[in-house]
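Coordinates in review
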Amino acid sequence: MCTIRRGRRTDMAALQAMLFPDASPQEDQESSTAANRHWRRLARDPALDCYVAQEGEVLYGIILVSYIRRLRQYGWQALLDMAVLPTAPAIVGQELLHFAKKRARQRTCRSVLWIPSPTGSENQLPVTFFEDNGFQQIGAFW
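These notes cover the structure that comes with them. Every chain is numbered on its own, with residues counted from 1 as its sequence reads. Residues qualify for local features only when their pLDDT is at least 70, as the model is predicted, and side-chain atom pairs are given and counted only at 80 or more; totals for whole chains, interfaces and linings, by contrast, use all residues. Only hydrogens and water are set aside when side-chain values are computed; all heavy atoms of the structure are taken into account.

1. Some points on the overall build of the chain
Here a strand is any run of E in DSSP of at least two residues, a helix any run of H or I of at least four, and the numbering for each starts at the N terminus. Regarding its fold elements, the chain presents five helices and five strands. Reading the chain from its N terminus to its C terminus gives the helix and strand order β-α-α-α-β-β-β-α-β-α. Classification of residues uses two cut-offs on accessible area relative to the type maximum, computed with a 1.4 Å probe and protein chains only: under 20% is buried, over 50% is exposed, and between them is partly exposed. Per-residue burial for the chain yields a buried fraction of 35% across its 142 residues. By the convention used here, residues are in contact when the closest approach between their heavy atoms is within 4.5 Å. Across the chain, every contact between residues at least 6 apart in sequence was considered, and the portion connecting residues at least 24 apart equals 59%. Of the roughly 9,400 Å² of accessible surface on the chain, 53% is carried by carbon and sulfur atoms. For the accessible areas, the method is Shrake-Rupley and the probe is 1.4 Å, while residue cover comes only from the protein chains on display.

2. Re a positive patch on the surface
Like-charged residues within 9 Å of one another, or nonpolar side chains (Val, Leu, Ile, Met, Phe, Trp, Tyr) within 5 Å, are grouped into patches, provided each residue has over 30% relative accessible area and no salt bridge. Whenever Lys or Arg places a side-chain nitrogen within 4 Å of a carboxyl oxygen from Asp or Glu, that contact is recorded as a salt bridge. The charge count includes Lys and Arg as positive and Asp and Glu as negative, but it does not include His or the ends of the chains. For charged residues, the charge sits on one atom: NZ in Lys, CZ in Arg, CG in Asp, CD in Glu. A cluster of basic residues, Arg9, Arg37, Arg40, Arg41 and Arg44, forms a positive patch on the protein surface. Tracing the sequence through the fold places Arg37 in helix 3 (residues 32–44). When its relative accessible area of 36% is taken as the criterion, Arg37 is described as partly exposed.

3. Topic: the nonpolar core
Take the buried Ala, Val, Leu, Ile, Met, Phe, Trp, Tyr and Cys residues and link them wherever side-chain atoms come within 4.5 Å; each set so joined is a nonpolar core. Counting 23 residues, the largest nonpolar core has Ile63, Val65, Leu80, Val92, Leu96, Leu97 and Trp114 as its most contacted members. Mapped by element, the contributors of at least two residues to this core are strand 2 (48–55), strand 3 (58–69), strand 4 (76–84), helix 4 (91–106), strand 5 (109–114) and helix 5 (127–132). Per-element accounting of this core gives the leading share, six residues, to helix 4. When neighbours within four sequence positions are excluded, Leu80 is seen to be in contact with Leu64, Val65, Leu97, Ala100, Val112, Leu113, Trp114, Ile115 and Phe135. Counting 13 residues, the second largest nonpolar core, distinct from the first, contains Met12, Met18, Leu59 and Leu64.

4. Concerning the side chain of Asp49
Tracing the sequence through the fold places Asp49 in strand 2. Look at Asp49 and you get buried, because its relative accessible area is 3%. Residues adjacent in sequence count toward polar contacts only when both atoms are side-chain atoms; beyond that, a polar contact is any pair of N or O atoms within 3.5 Å, and within protein one must be able to donate a hydrogen and the other to accept it. A polar side-chain atom of Asp49 sits 2.9 Å from a polar atom in the side chain of Tyr67.

5. Observations concerning the pairing of strand 3
For strand 3, a buried count of nine out of 12 residues is recorded, marking the element as mostly surrounded by other parts of the structure. Here strand 2 pairs with strand 3 via eight bridges, running antiparallel. Among the inter-strand pairings, Ala53 is bridged to a residue of strand 3, identified as Gly61. Where strand 2 hands over to strand 3, the hairpin turn is made up of two residues, of which Gly56 adopts a positive phi near 65°. Following DSSP output, two strands are said to pair if at least two bridges run between them. Bridge count for strand 3 against strand 4 is nine bridges, and the pairing is antiparallel. Opposite Ile63, over in strand 4, you have Met82 as the bridge partner.

6. Some words on the packing of helix 1 (residues 12–19) against helix 3
Every angle, taken between N-to-C directions, lies between 0 and 180 degrees, and every axis is a line fitted to C-alpha atoms, over only the stretch in contact when it is a helix. The interhelical angle for the contact between helix 1 and helix 3, taken along N-to-C directions, is 105°, at an axis separation of 11 Å. Relative to helix 3, helix 1 is oriented roughly perpendicular. On the side of helix 1, the interface is formed by Met12, Leu15, Gln16 and Leu19, while helix 3 contributes Ala35, Asn36 and Trp39. Three classes are used: nonpolar for Ala, Val, Leu, Ile, Met, Phe, Trp, Tyr, Cys and Pro, charged for Asp, Glu, Lys and Arg, and polar for all others, with Gly counted as polar. Each residue belonging to the contact of helix 1 with helix 3 can be placed in one class, and the counts come to five nonpolar, two polar and no charged. Any angle from 65 to 115 degrees is called roughly perpendicular, while one under 35 is roughly parallel, one over 145 is roughly antiparallel, and all others are oblique.

7. Details of empty space enclosed by the protein
Using a 1 Å grid laid over the protein atoms alone, points where a 1.4 Å probe fits but cannot get out form a cavity; open sets with protein on both sides within 12 Å along at least 5 of 7 lines form a pocket; any residue with an atom within 4 Å of a point counts as lining. Grid points are joined across faces, edges and corners, and a volume is the space filled by probe spheres set on the points. Inspection of the entire model under this criterion finds one cavity of 30 Å³ or more. Considered as a void within the structure, the largest cavity measures approximately 50 Å³ in volume. In terms of lining, the largest cavity is formed by Gly7, Arg8, Arg9, Leu15, Trp39, Leu42, Ala43 and Cys50. Among the elements that take part in the lining of the largest cavity, helix 3 stands out by supplying three residues, more than any other. A breakdown of the residues in the lining of the largest cavity according to their chemical character gives five nonpolar, one polar and two charged.

Right under this line is the structure:
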């Protein structure tokens, strides 16, 4: 059973390895200052929620929820971005998504948007994943 919790700056090394598995150690050292700054900003920005799925010491996935205001309508809108390890149990993606949608509803978001990965990306989720979770495609967005 995975635990979903708020992401922390101390998760940076595990998240970096999960998101960029092909990066060499030299690339990691060169970008460590910029990466540290990036993860610090994500962790403390009040307009973002970053949640991770963890089992034991292993991080299986991350979901980032960005909250934005709409111009023509009152209220908030949530924009989702998610990455899950290919070796993660199948339920991890579902649990992260349900958790993020619940949090967005608590913030009174009127809609939740998902921008899929570019076609041909290894992180591309199948269309049925979006449809099964209540998303409707509108242009490039779900």
